[in-house]
Amino acid sequence: MKTIGIRALRENPGVLSQSAAAGEFVLVTNRSDPISLSVPFDDELLRAGVHVNMAIKLYEDGLLTMPKAARLAKMSVEEFMSRLAVLDIVVVDQSSEELASDLDALND
């Protein structure tokens, strides 16, 4: 495993993609304190379900839409929504007024 300081990473950001291509982990530090771990994305991670956890986190943080997160998780939108519900993650984030307005629009 390589270790690289945040300053050195700013000067040579390609080190992450080069290390990933070589199958190496990279520990990123800030003043010798670990702050991040870069892990190559491979079939082993997929078997471990990392893509599902990534999709959930990115959806929860508002960085991916539901369809895109479901695609990353390799699930249908319905399956992904069910997974979120099991984890008590809000699927529909609307106020009651917005929801009522949407329902009224559907009925018109």
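Per chain, the residues get numbers from 1 upward, laid out in the order the sequence is written. Local features in this predicted model are restricted to residues of pLDDT 70 or higher, and side-chain atom pairs are both shown and tallied only at a pLDDT of 80 or more, whereas totals for entire chains, interfaces and linings draw on every residue. Side-chain descriptors were evaluated using all non-hydrogen atoms of the structure, hydrogens and water having been removed beforehand.

**Regarding a nonpolar patch on the surface**
Moving on, step 1. Patch membership is restricted to residues that have no salt bridge and whose relative accessible area is over 30%. Joining uses 9 Å for like charges and 5 Å for the nonpolar side chains Val, Leu, Ile, Met, Phe, Trp and Tyr. Here, Shrake-Rupley sampling with a 1.4 Å probe gives the accessible areas, and only protein chains in the shown set may cover a residue. Every case where a carboxyl oxygen of Asp or Glu lies within 4 Å of a side-chain nitrogen of Lys or Arg is listed as a salt bridge. Together, Met1, Phe25, Leu37 and Val39 line one region of the surface with nonpolar side chains, adding up to about 390 Å² of accessible area.
Moving on, step 2. Helix and strand assignments follow DSSP, with helices taken as H or I runs no shorter than four residues and strands as E runs no shorter than two, numbered in order from the N terminus. Mapping methionine 1 onto the fold places it in the segment before strand S1 (2-5).
Moving on, step 3. Relative accessible area serves as the criterion here: at 69%, methionine 1 is assigned to the exposed category. Only protein chains enter the accessibility calculation, which uses a 1.4 Å probe; a residue is then buried when its area is under 20% of its type maximum, exposed when over 50%, and partly exposed in between.

**A short note on the confidence of the model for the protein**
Moving on, step 1. A score from 0 to 100, pLDDT tells how confident the predictor is in each residue. When pLDDT is averaged along the protein, the result is 89, and 100% of the positions lie at 70 or above.
Moving on, step 2. By mean pLDDT, helix H3 (residues 43-48) is the weakest element of the protein at 78, and strand S2 (residues 26-30) is the strongest at 95.

**A few points about unusual backbone geometry**
Moving on, step 1. The residue arginine 31 is not glycine, and still its phi comes out positive at about 55°.
Moving on, step 2. Here arginine 31 is to be found in the loop between S2 and strand S3 (33-38).
Moving on, step 3. One non-glycine residue, aspartate 88, adopts positive backbone phi at about 60°.
Moving on, step 4. Of note, aspartate 88 is situated in the loop between helix H6 (77-86) and helix H7 (96-107).
Moving on, step 5. The class for aspartate 88 is exposed, based on a relative accessible area of 71%.

**With respect to the packing of aromatic side chains**
The relation between two aromatic rings is expressed through the spacing of the ring centres and the mutual angle of the planes.
Moving on, step 1. Centres within 6.5 Å are what make two rings of Phe, Tyr or Trp a pair, Trp counting through its six-membered ring; a difference in plane orientation under 30 degrees is then read as stacked, over 60 as edge-to-face, and the rest as tilted. Applying the stated criterion across every chain, the model contains 1 aromatic pair.
Moving on, step 2. Ring geometry for tyrosine 59 versus phenylalanine 80: centroids 6.1 Å apart, planes at 90°, classification edge-to-face. With tyrosine 59 in helix H4 (residues 50-60) and phenylalanine 80 in helix H6, the pair connects residues that are 21 residues apart, well separated along the chain. The pair formed by tyrosine 59 and phenylalanine 80 is uniform in burial state, with each residue classed as buried.

**Things to note about the packing of H4 against H6**
Moving on, step 1. Relative to each other, H4 and H6 sit at 75°, their axes nearing to 11 Å. Between H4 and H6, the angle falls in the class roughly perpendicular. On the side of H4, the interface is formed by Val52, Ala55, Ile56 and Tyr59, while H6 contributes Phe80, Arg83 and Leu84.
Moving on, step 2. Residues were grouped as follows: Ala, Val, Leu, Ile, Met, Phe, Trp, Tyr, Cys and Pro as nonpolar; Asp, Glu, Lys and Arg as charged; and all remaining residues, including Gly, as polar. Of the residues assigned to the contact of H4 with H6, the class counts are 6 nonpolar, no polar and 1 charged. Comment: axis = line fitted to C-alpha atoms, over the contacting stretch for helices; angle = value between 0 and 180 degrees taken between N-to-C directions. Geometric relationships in this document are graded by angle, where less than 35 degrees denotes roughly parallel, more than 145 denotes roughly antiparallel, 65 to 115 denotes roughly perpendicular, and other angles denote oblique. In this description, contact between two residues means that some pair of their heavy atoms is separated by no more than 4.5 Å.

**Side note on the pattern of salt bridges**
Moving on, step 1. Per the stated rule, a full pass over the model turns up 2 salt bridges.
Moving on, step 2. Notably, a salt bridge pairs glutamate 24 with lysine 2, separated by 3.6 Å at the nearest N-O pair. Note that glutamate 24 is positioned in the loop between helix H2 (14-21) and S2 and lysine 2 in strand S1, a separation of 22 residues in sequence.
Moving on, step 3. With a relative accessible area of 37%, lysine 2 lands in the partly exposed category.
Moving on, step 4. Across the pair aspartate 61 and lysine 57 runs a salt bridge whose closest N-O atoms are separated by 3.2 Å.

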